[in-house]
Amino acid sequence: AGDLDPEDPRCARLVFSGEWRRLPPHEALRVAAAMFDRHPQMKRWPADHGFYFGTLAISSIWLIDYFGGATDIGVADYYAAA
């Protein structure tokens, strides 16, 4: 669909809403190790830029995947599909 406008409904949009939370230090270390293993250049990002690892506590999910309007996806349904 390289010729479609990004606002065209055939270009799916998925919106996650919720509360962004900083990971506790013990969890952030584990996540950082995995992230830096896959993206080693991130180790060199400037410390004074305030980057940190976090997670989204999802409260709602909204999907528009074609013409006809948006669909709300239940958070429990989303996690059950994993």
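Definitions and cut-offs
- Residues numbered from 1 in each chain as written.
- Predicted model: local features only at pLDDT ≥ 70, side-chain atom pairs only at ≥ 80, totals over all residues.
- Heavy atoms only, no water.
- Helix = DSSP H or I, 4+ residues; strand = E, 2+ residues; numbered from the N terminus.
- Rg over C-alpha atoms; globule rule 2.2 N^0.38 Å.
- Buried < 20%, exposed > 50% of the residue type's maximum accessible area, 1.4 Å probe, protein only.
- Contact = heavy atoms within 4.5 Å.
- Areas by Shrake-Rupley, 256 points an atom, 1.4 Å probe, with all protein chains shown as cover.
- Lys, Arg positive; Asp, Glu negative; His and termini not counted.
- Charge placed at Lys NZ, Arg CZ, Asp CG, Glu CD.
- Patch = residues over 30% accessible without salt bridge, like charges linked within 9 Å, V, L, I, M, F, W, Y side chains within 5 Å.
- Salt bridge = Lys/Arg side-chain N within 4 Å of Asp/Glu carboxyl O.
- Pairing = 2+ DSSP bridges.
- Phe/Tyr/Trp six-rings, centres within 6.5 Å; stacked < 30°, edge-to-face > 60°.
- Lys NZ or Arg CZ within 6 Å of the ring centre and 35° of its normal.
- Axes fitted to C-alpha atoms, helices over the stretch in contact; angles between N-to-C directions.

A closer look at the overall build of the protein chain
Scanning the protein chain for helices and strands turns up two helices and three strands. When its helices and strands are written in sequence order, the protein chain yields β-α-β-β-α. Relative to its length of 82 residues, the protein chain is extended, with a C-alpha radius of gyration of 17 Å against a globular reference of 12 Å. Overall, the C-alpha framework of the protein chain stretches about 45 × 35 × 25 Å when taken along its three principal axes. In the protein chain, buried positions account for 12% of the 82 residues. Counting contacts in the protein chain only where the partners sit at least 6 residues apart, residues at least 24 apart contribute 62% of the total. Split by element, the accessible area of the protein chain, about 6,600 Å² in all, is 56% carbon and sulfur. Averaging the positions of the 8 positive and the 11 negative side-chain charges in the protein chain gives two centres separated by 11 Å.

Side note on a nonpolar patch on the surface
Where nonpolar side chains cluster on the molecular surface, the patch consists of Leu14, Phe16, Tyr78 and Tyr79 and spans about 390 Å² of accessible area. For the nonpolar patch, the secondary-structure elements that each account for two or more residues are β1 (13-22) and α2 (75-81). Tracing the backbone through its elements, the reader meets Leu14 in strand β1.

Some points on the pairing of strand β2 (residues 54-64)
When β1 meets β2, the two strands line up antiparallel, connected through 10 bridges. Looking across to β2, one finds that Gly18 is bridged to Ile58. The turn linking β2 back onto strand β3 (residues 71-73) is made up of six residues, and Gly68 within it adopts a positive phi angle of 115°.

What about the packing of aromatic side chains?
What characterises a pair of aromatic rings is the spacing of the ring centres plus the angle enclosed by the ring planes. Applying the stated criterion across every chain, the model contains four aromatic pairs. Taking the centre distance of 6.1 Å and the plane angle of 65° together, the rings of Phe36 and Phe53 count as edge-to-face. On the criterion of sequence distance, the pair formed by Phe36 in helix α1 (residues 25-38) and Phe53 in the loop between α1 and β2 is long-range, its members being 17 residues apart. Given a relative accessible area of 24%, Phe36 falls into the partly exposed group. On the basis of relative accessible area, Phe53 is assigned to the buried category, the value being 19%. Of the aromatic side chains, those joined through ring pairs into one cluster are Phe16, Tyr78 and Tyr79. Sitting over the ring of Tyr52, Arg22 keeps its end group 3.8 Å from the ring centre.

Considering the sheet that holds β3
Two strands in a sheet stick together by hydrogen bonds in their backbones, pointing the same way (parallel) or opposite ways (antiparallel). If you walk across this open sheet you meet the three strands as β1-β2-β3, and the pairing is antiparallel. The two strands at the open ends of the sheet, each matched to only one other strand, are β1 and β3. Here the average twist between neighbouring strands, direction ignored, is 25°. Pairing analysis gives three bridges linking β2 to β3, with the strands arranged antiparallel.

So yeah, pure geometry; function would need other evidence.
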